[in-house]
Amino acid sequence: METIRLTTAQALVRFLAHQYSERDGQEQRLIPGVWGIFGHGNVAGLGQALLQAATTGEADLPYYLARNEQGMVHASVAYAKMRGRLATFACTASTGPGSTNMITGAALATTNRIPVLLLPSDMFATRVAEPVLQQLEDTRNGDVTVNDTFRAVSKYFDRVSRPEQLVPAALAAMRVLTDPVETGAVTLALPQDVQAEAYDWPVSFFRHRVWHIGRPVPEPSAVERAAALIRNARKPLIVAGGGAVYSGAETELRAFAEATGIPVADTHAGKGAVPWDHPHAVGGIGSTGSYAANELAREADVVLGVGTRYSDFTTASHTVFAHPDVTFVNLNVARLDAVKHSAEPLVADARLGLQALATALDGWSVDHDHRDRTRRLIARTRQIEQECFAADRNTGELPAQTQILGALNDVLDDRAVVVNAAGSMPGDLQQLWRARDPKAYHVEYAYSCMGYEVAAGVGTKMADPTREVVVLVGDGSYLMMAQEIVTMVSEGLKVIIVLVQNHGFASIGSLSESLGSRRFGTKYRYRNGTSGLLDGNVLPVDLAANAASLGADVLRATTVDEFRIAMEKATAADRTTVVHVETDLYGPNPPSQAWWDVPVSQTSALDTTRTAYDTYAAHKRAQRHYL
């Protein structure tokens, strides 16, 4: 057997450079590059290996410098999401806090079921020098390190304690990254001494390797059972989730809706699978869903879920599907999701499953009353949207966030990608954003991670440089992680960042008020010397100046008209531009169409909390399991 002598880190770099994914005949690099921040633990291991690869040309694996370890994971996840989970990045970090900074990103990736390869540096495998800098000494287990915290948030975890262990570990990592059912964060913990240790590697380990991502075919009998339930439905509804987008089933979903007349609601991950103005598109569903989608959900006797995991926001905490005999048919590549809500499962690729259902239901469609009802509800929904965009709806001096979103809808073209994750904007976007393209709506709402947005803008732009990328970020998320603006600048990436400044947490403030907690601790204010609370004057924070200090061009807007002008300038620009606009902390936001279960104190000395609990208890009575 032919061998080559390399360090473990050099072998890993060479291995990753030869990994490819393939689906439907389209082959691409599975790991096109490595994000990293060097420190002790990886600077002389993976750092040396990446330098050697770049200098000698022995492996094509570009290195990208991030400014925050969590941020580089977010950038990788955004890249993978835009690439349909067919490609992602590896992320290397130094021993200790550098590595544990990636844990939030790992949780986000796994919760969203998006692949990312994490390479945290670990303590010495030999233990000869311990305790070393940044080592956790566990009195119960000698082999525990801080990297064991990755186990809970990774779909696959391994610690490479000997060079030869890399062979099975690396192959297992690629298997999980390319499995649409099992994918998520994959972690290979790399002790710093092992990274630098040499070994005679089989040359065949570094061969061109293609990981074929198949399309599971639906079982014929399962198709018949599902079709029988749909055929007997009087008021069916489709819920399109991320699986419809990841499988590339947009054409099949639209054709299925047109042939059967079944209206299509969508989750955050599924938005755009059917264009917003399609005659059967009824908008977002659930806690922050549209009027049309939630009214149809309350009446639905059969719900066809296509690639959705049914989060509590989708089901409005098990209240929005209100028909007493509602039945679910779940088309999903993962059996975990296919059987949820006691559903009739159709375990298959979304595209092939819809094709099979269309054939089984050939000639069948909903009755005219259901079609007419859908049209009327859509018309009413459009009126609600226009009311949210209208200037006269706002009662404050500053524009409402909904007005800014209305202006953005007008200014951006259909291929522009809007990136968001947390705060009040996801709720507003689910009701108000008009997506025609399945890649144009990039809202991370499985983990709803503050700080995702700016870093995700980097990965999104890298995944498709031909698209305009617009990051929507509130001041709360911006303050948590804005550092990757520097990365945008250094990499020459043109991203537009819309920085919405309202001097507080608008979403949680509103939620706090509705739960009787009076927006406590949700405003950016000086501490009041009289009350002792953070309810004094507004803090003198200038986030626009901060963005400029990070290297971005900055435009300021104080009105909706000024914002439109600023966006036109930002679109015409050729480098990262931040558009800073102040909005009203108190909204108004789109009218609520459903509920979200956030428990309220059962006993309280505050009258606001007691009132909120009465409302909460009333909603709880409508909550149920779907059995």
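An account of the accompanying structure is given in this report. (Residues numbered from 1 in each chain as written. Predicted model: local features only at pLDDT ≥ 70, side-chain atom pairs only at ≥ 80, totals over all residues. Heavy atoms only, no water.)

Section: the environment of Arg 231
Cut-off, in case you're wondering: Numbering of helices and strands runs from the N terminus; a helix is a DSSP stretch of H or I covering at least four residues, while a strand is a stretch of E covering at least two. Relative accessibility under 20% of the residue-type maximum defines a buried residue, over 50% an exposed one, and the middle range a partly exposed one, all with a 1.4 Å probe and only protein chains included. In what follows, a contact means two residues having at least one pair of non-hydrogen atoms within 4.5 Å. Identification of polar contacts relies on pairs of N or O atoms within 3.5 Å, with a donor-acceptor requirement for protein atoms, meaning one able to donate a hydrogen and the other able to accept it, and with residues adjacent in sequence counted only if both atoms are side-chain atoms.
Structurally, the position occupied by Arg 231 is in helix α8 (residues 220-231). Judged by relative accessible area, Arg 231 falls into the partly exposed class, the value being 35%. C-alpha separation for the pair Arg 231 and Ser 507, spaced 276 residues apart in sequence, amounts to 41 Å. If we skip the residues at most four places from it in the chain, Arg 231 touches Ala 360, Leu 361 and Trp 364. At a separation of 2.9 Å, a polar atom in the side chain of Arg 231 contacts the main-chain carbonyl oxygen of Ala 360.

Here's the deal with the layout of surface pockets
Regions of empty space are outlined by a rolling probe, equal in size to a water molecule, passed over the atoms. Let me state the cut-off plainly: Definitions used throughout: a 1 Å grid over protein atoms alone; a cavity as a set of points that fits a 1.4 Å probe which cannot get out; a pocket as an open set with protein on both sides within 12 Å along at least five of seven lines; a lining residue as one with an atom within 4 Å of a point. Grid points are joined across faces, edges and corners, and a volume is the space filled by probe spheres set on the points. Amino acid classes used here: Ala, Val, Leu, Ile, Met, Phe, Trp, Tyr, Cys and Pro are nonpolar; Asp, Glu, Lys and Arg are charged; the rest, including Gly, are polar.
Size it by volume and the largest pocket reaches roughly 1,100 Å³. Lining of the largest pocket is provided by 43 residues; of these, Thr 288, Ser 507, Ser 510, Leu 511 and Trp 596 occupy positions nearest its centre. Elements with a minimum of two residues in the lining of the largest pocket: α17 (425-432), α19 (475-480), α21 (506-514) and α24 (607-620). Among the elements that make up the lining of the largest pocket, the one with the highest residue count is α21 (six residues). Taken together, the residues that form the lining of the largest pocket break down as 20 nonpolar, 21 polar and two charged.

Section: empty space enclosed by the protein
Enumeration over the complete set of coordinates arrives at four cavities of 30 Å³ or more. A volume near 710 Å³ is recorded for the largest cavity. Lining the largest cavity are 47 residues; nearest its centre among them are Arg 85, Gly 242, Gly 243, Tyr 246 and Gly 307. Contributing elements (two or more residues each) for the lining of the largest cavity: α5 (103-112), α9 (242-246), α12 (312-315) and β16 (327-332). Looking at the lining of the largest cavity, the element that brings in the most residues is α9, giving three residues. Its residues placed into classes, the lining of the largest cavity shows 20 nonpolar, 18 polar and nine charged. Quantified by volume, the second largest cavity comes out at close to 160 Å³. Considering the residues around the second largest cavity, the lining is formed by 18 residues, among which Lys 271, Trp 276, Gly 283, Gly 284 and Trp 433 are closest to the centre. Listing elements by their share of the lining of the second largest cavity, those giving two or more residues are β14 (281-284), α15 (368-389) and α17.

Focus: the sheet that holds β14
Rule in force here: Any two strands are treated as partners once DSSP identifies two or more bridges connecting them. Throughout, an axis means a line fitted to C-alpha atoms (over the contacting stretch in the case of helices), and angles, computed between N-to-C directions, take values from 0 to 180 degrees.
Taken in spatial order, the six strands of this open sheet run β14-β13-β12-β15-β16-β17, and their pairing is parallel. Among the strands making up the open sheet, the edge pair consists of β14 and β17 (344-347). The sheet shows a mean angle of 20 degrees between the axes of neighbouring strands, direction not considered. As judged from the four bridges shared by β16 and β17, these two strands associate in the parallel manner.

A few points about the packing of helix α3 (residues 69-82) against α5
Threshold: Should an angle lie under 35 degrees it is considered roughly parallel, over 145 roughly antiparallel, and from 65 to 115 roughly perpendicular; all remaining angles are considered oblique. Note: crossing handedness is left-handed where the near helix turns anticlockwise from the far helix by less than a right angle, and right-handed where it turns clockwise.
Between α3 and α5, the least distance of the axes is 7 Å, while the angle of their chain directions is 20 degrees. Between α3 and α5, the crossing angle belongs to the class labelled roughly parallel. Note that α3 runs across α5; the crossing there is right-handed. Of the residues in α5, those in contact with Gln 70, Val 73, His 74 and Val 77 of α3 are Thr 104, Gly 105, Ala 106, Leu 108 and Ala 109. Here the contact of α3 with α5 is built from residues that sort into five nonpolar, four polar and no charged.

Looking at the environment of Ala 350
Inspection of the secondary structure assignment puts Ala 350 in helix α14 (residues 350-360). Taking the relative accessible area as the measure of exposure, Ala 350 reaches 6% and is therefore buried. Ala 350 sits 104 residues away from Tyr 246 along the chain, and the two C-alpha atoms are 8.8 Å apart. Look past the residues within four positions of Ala 350 in its chain and what remains in contact with it is Gly 243, Ala 244, Ser 247, Ala 249, Val 306 and Leu 331.

Here's the deal with the packing of helix α10 (residues 250-260) against α14
Here α10 crosses α14 at 25 degrees, and the two axes come no closer than 9 Å. Considering their axes alone, α10 and α14 lie roughly parallel with respect to each other. In the packing of α10 onto α14, the handedness of the crossing is left-handed. Residues Glu 252, Leu 253 and Phe 256 of α10 pack against Arg 351, Leu 354, Gln 355, Leu 357 and Ala 358 of α14. Along the lines of polarity and charge, the residues of the contact of α10 with α14 split into five nonpolar, one polar and two charged.

Let's talk about the side chain of Gln 501
Tracing the backbone shows Gln 501 in strand β21 (residues 496-501). Only 3.1 Å separates the side chain of Gln 501 from the backbone nitrogen of His 503, close enough to count as a polar contact. Not counting residues within four places of it along the chain, the set of residues in contact with Gln 501 comprises Asp 475, Val 541, Leu 543, His 580, Val 581, Glu 582 and Thr 583.

Brief notes about helix α11 (residues 291-299)
Turning to α11, its buried residues number three or more, namely Ala 292, Ala 293, Asn 294, Leu 296, Ala 297 and Glu 299. The elements touched by buried residues of α11 are β12 (237-240), β13 (264-266), β14 and α15.

Comments concerning the packing of aromatic side chains
What counts, and what does not: A pair of Phe, Tyr and Trp rings is counted when the ring centres sit within 6.5 Å of each other, with Trp represented by its six-membered ring. The angle between the planes then sorts it: under 30 degrees is stacked, over 60 is edge-to-face, the rest tilted.
Under the criterion given, the structure shown has 18 aromatic pairs. With centroids separated by 4.7 Å and ring planes inclined at 75 degrees, the aromatic side chains of Tyr 79 and Phe 89 adopt a geometry described as edge-to-face. Here the residue Tyr 79 occupies a position in helix α3, and Phe 89 occupies one in the loop between α3 and β6 (90-93), the gap between them amounting to ten residues. Both residues of the pair, Tyr 79 and Phe 89, belong to the buried class. Ring pairing ties together the aromatic residues Phe 15, Tyr 199, Trp 201, Phe 205 and Phe 206, which thus form one cluster.

Description of the side chain of Asn 68
In this structure, Asn 68 sits in the loop between β5 (63-65) and α3. Overall, the relative accessible area of 15% leaves Asn 68 in the buried class. A polar contact of 2.8 Å, which involves the side chain of Asn 68, links it to the backbone nitrogen of Gln 70. In this view, Asn 68 contacts Ile 37, Met 481, Gln 483 and Glu 484; residues no more than four positions away in its chain are not counted.

Brief notes about unusual backbone geometry
The peptide bond linking Glu 130 to Pro 131 adopts the cis configuration, its omega dihedral lying at 0 degrees. Structurally, Pro 131 can be placed in the loop between β7 (116-122) and β8 (156-159). Here Gly 587 and Pro 588 are connected by a cis peptide whose omega angle stands at 5 degrees. By secondary structure assignment, the location of Pro 588 is in the loop between β23 (577-582) and α24. Phi is positive for His 341, which is not a glycine, with a value near 60 degrees. By the element assignment, His 341 lies in the loop between α13 (335-338) and β17. Residue class for His 341 comes out buried when judged on its relative accessible area of 14%.

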